[in-house]
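# Structural overview for review
The chain contents come next:
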Amino acid sequence: MIRYALICDAAHEFEAWFSSSDSYDEQAAKGLVECPHCGTTSVRKALAAPAVSTSRAREARSEQKQLAEMAGKVRAHIRQNFDYVGEDFAREARDMHEGRKTARLIYGETSAEETRQLIEDGVEVTPLPDMLAPTPPKKAN
């Protein structure tokens, strides 16, 4: 088994295991290697330094693993408990804030400018870092 550090065109970094380097090449050529963050199949191998095993490196990997596990739990919680509203997020959040719609937990996409305006207007929103943002249902496998 070979572990590759991969990166998509949106600069999301992730790792994946393959049975051989030929296996990676074949799957990538067929568009089967997909970014778990955004769903794109435009993925390539990332530059990687050789692994040197030290106690400090092992501790850092352990911390990274714990962080990745916690982020996965946050993404799963959001997927299970929030309604995905896609690009209608700003409108939906504003409608709920102003009482035109019943309040509920939502997530979706919005521009930085729309987010800034919502916050200035007192609408409770929290931008999520890529690591915590779940893959939208339309892009999930």
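Structure: see above.
Residues numbered from 1 in each chain as written. Predicted model: local features only at pLDDT ≥ 70, side-chain atom pairs only at ≥ 80, totals over all residues. Heavy atoms only, no water.

Here the focus is the nonpolar core. Among the nonpolar cores identified, the biggest contains eleven residues, and these are Tyr 4, Leu 6, Cys 8, Phe 14, Ala 16, Phe 18, Tyr 24, Val 33, Cys 35, Cys 38 and Val 43. Secondary-structure elements contributing two or more residues to this core are β1 (2-8) and β2 (13-18). Beyond its immediate stretch of four places on either side in the chain, Phe 14 contacts Tyr 4, Ala 5, Leu 6, Ile 7, Cys 8, Glu 34, Cys 35, Pro 36, His 37 and Val 43. (Core = buried A, V, L, I, M, F, W, Y, C linked by side-chain atoms within 4.5 Å. Buried < 20%, exposed > 50% of the residue type's maximum accessible area, 1.4 Å probe, protein only. Helix = DSSP H or I, 4+ residues; strand = E, 2+ residues; numbered from the N terminus. Contact = heavy atoms within 4.5 Å.)

This part covers the layout of surface pockets. Volume-wise, the second largest pocket comes out at about 920 Å³. Looking at the second largest pocket, it is lined by 33 residues, and the ones nearest its centre are Phe 89, Tyr 107, Gly 108, Thr 126 and Leu 128. Considering each element in turn, the lining of the second largest pocket owes the most residues, four residues, to helix α3 (residues 89-97). (1 Å grid on protein atoms, 1.4 Å probe; cavity = no way out; pocket = protein on both sides within 12 Å on 5 of 7 lines; lining within 4 Å. Points joined across faces, edges and corners; volume = space filled by probe spheres on them.)

Let us look at unusual backbone geometry. Phi is positive for Ala 11, which is not a glycine, with a value near 70°. Along the polypeptide, Ala 11 turns up in the loop between β1 and β2. On the basis of relative accessible area, Ala 11 is assigned to the exposed category, the value being 51%.

Let us look at the packing of α3 against helix α4 (residues 112-120). Where α3 meets α4, the closest approach of the two axes is 10 Å, and the angle between their N-to-C directions is 10°. The orientation of α3 relative to α4 falls into the category roughly parallel. Judged by residue contacts, Phe 89, Ala 90 and Arg 94 of α3 engage Glu 114, Gln 117 and Leu 118 from α4. A per-class count over the contact of α3 with α4 returns three nonpolar, one polar and two charged. (Axes fitted to C-alpha atoms, helices over the stretch in contact; angles between N-to-C directions. Parallel < 35°, antiparallel > 145°, perpendicular 65-115°, else oblique. Nonpolar A, V, L, I, M, F, W, Y, C, P; charged D, E, K, R; others polar.)

Here we come to the pairing of β2. Regular strands show a simple pattern: their side chains alternate between the two faces of the sheet. Only one face of β2 is covered, namely the face carrying Phe 14, Ala 16 and Phe 18; the face carrying Glu 13, Glu 15 and Trp 17 is uncovered. Here β1 pairs with β2 via six bridges, running antiparallel. Looking at β2, one finds that Leu 6 is bridged to Phe 14. Between β1 and β2, which pair antiparallel and follow one another directly, the connecting turn spans four residues, one of which, Ala 11, has a positive phi of 70°. (Pairing = 2+ DSSP bridges.)

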